[in-house]
Amino acid sequence: MAVIRLLGKHLCGFDKLQRLVLRDCLLWNSGEFGIPLRKLRTLVLDDCCFEVMNQSLYQKVAECCEELEELSFSGCDANFEIIAQLPNLQRCTLKTWMTSNELNLGFLSTLAEKKGNKLAYFKLTGQFEISNEHARFLGQLSSLRELYWCENDVLEDDHFKFFNELPLLKRFGLSFCGRVTDVGLMRLIRKCPQLDIIDIKNCDEITDQLVLNAVYCCGKATHRTLVLNVEGTRISSTVLMHPDYLSPQNMVKLNFTNVTF
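The paragraphs below set out a description of the structure included in this document. Quick caveat, the model's predicted, so the values are computed rather than measured. (Residues numbered from 1 in each chain as written. Predicted model: local features only at pLDDT ≥ 70, side-chain atom pairs only at ≥ 80, totals over all residues. Heavy atoms only, no water.)

Some words on the overall build of the chain
Here's step 1: Along its length, the chain carries six helices and 15 strands.
Here's step 2: The long-range fraction of contacts in the chain, counting pairs at least 24 apart against all pairs at least 6 apart in sequence, stands at 69%.
Here's step 3: For the chain, the computed accessible surface area is about 11900 Å², with 49% contributed by carbon and sulfur atoms. (Helix = DSSP H or I, 4+ residues; strand = E, 2+ residues; numbered from the N terminus. Contact = heavy atoms within 4.5 Å. Areas by Shrake-Rupley, 256 points an atom, 1.4 Å probe, with all protein chains shown as cover.)

Digging into helix α2 (residues 105–113)
Here's step 1: Those residues of α2 that sit buried are F107, L108, S109, L111 and A112.
Here's step 2: Looking at the buried positions of α2, the neighbouring elements they touch are β7 (91–95), β9 (121–125) and α3 (132–138).
Here's step 3: For α2, the side-chain oxygen to backbone nitrogen distance between the N-cap and G106 is 3.1 Å, and the N-cap itself is N104.
Here's step 4: Phi for K115, located one or two positions after α2, is positive at around 60°. (Buried < 20%, exposed > 50% of the residue type's maximum accessible area, 1.4 Å probe, protein only. Polar contact = N/O pair within 3.5 Å; in protein donor to acceptor, adjacent residues only side chain to side chain.)

Thoughts on the packing of aromatic side chains
Here's step 1: One pass over the full model with this rule turns up five aromatic pairs.
Here's step 2: By the ring-pair criterion, three or more aromatic residues cluster together here, those being Y121, Y148 and F261.
Here's step 3: A cation over a ring is seen here: R91 above Y121, with NZ or CZ 3.8 Å from the ring centre. (Phe/Tyr/Trp six-rings, centres within 6.5 Å; stacked < 30°, edge-to-face > 60°. Lys NZ or Arg CZ within 6 Å of the ring centre and 35° of its normal.)

Observations concerning the environment of V252
Here's step 1: Residue placement: V252 occurs in strand β15 (residues 252–256).
Here's step 2: We classify V252 as buried; its relative accessible area is 4%.
Here's step 3: For the pair V252 and A214, spaced 38 residues apart in sequence, the C-alpha to C-alpha distance is 7.0 Å.
Here's step 4: With residues up to four places along the chain from it excluded, the contact list for V252 reads A214, V215, C218, L226, L228 and Y245.

A closer look at the pairing of strand β14 (residues 226–231)
Here's step 1: Summarising the sheet, strand β13 (residues 197–201) and β14 pair through five bridges and their orientation is parallel. Residue pairing for β14: I200 is matched across the bridge by V230. (Pairing = 2+ DSSP bridges.)

Quick notes on the sheet that holds β13
Here's step 1: If you trace the ten strands from one edge of the open sheet to the other, you get β2-β4-β6-β7-β9-β11-β12-β13-β14-β15, paired in parallel fashion. The strands lining the two open edges of the sheet, one partner per strand, are β2 (19–23) and β15. Direction aside, neighbouring strands of the sheet carry axes that sit 5° apart on average.
Here's step 2: Across the face of the sheet, helix α4 (residues 182–191) comes into contact with β12 (171–175), β13 and β14 while running at roughly 170° to β12. (Axes fitted to C-alpha atoms, helices over the stretch in contact; angles between N-to-C directions.)

Structure follows, in structure tokens:
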């Protein structure tokens, strides 16, 4: 697909525009980006290149798109912390194709100070470098209701130790994350009392033991329902015949389904 060269001024004049999606574009003169986009609620920049790669792009988004509720970025996060100042941001997707791109710590720390503000949906795709400090800030985004990790071999069980302040989290997704095991997911289940759906796809360290541990935790201990949608794991269909799974006290439902998120 050809890359389209797009000037910042080409995005001016749409004073009532609420949704803007740009894919495979070359954004030039980012200082002009978004000046009149006051009513914008959704902004998707997918695999776009930025000829002017500095704070001005993010500053314009933060200053001009005050009503922005959904933001998706691909391939960049330099000076991204300014985005955390958006007052109405509810959904955020960050994607990187780089092999060692650190998740912007300033962005997470600013959100953590606000307990996530209104952020309810957060999806991270790609090989972001995640430290314990990153995980600690993520664990303080108490407004989150949905959290998704995709295609990351850095995320591991120890990071789940820091997910301590996610009381509203209801749905968690894990896809192509090869270092997370049953231990990490059980930590999340125990720490997040409202969590009732977990989607797992192509994570080959997840086994039958996760199901059996979840049955015990959700049935006898907390009496909460939990749905596990799994595909491409080491969980076998034989676990459906395990006495603990067949028990009337079991509150866990296991689905072998096509997981997409």
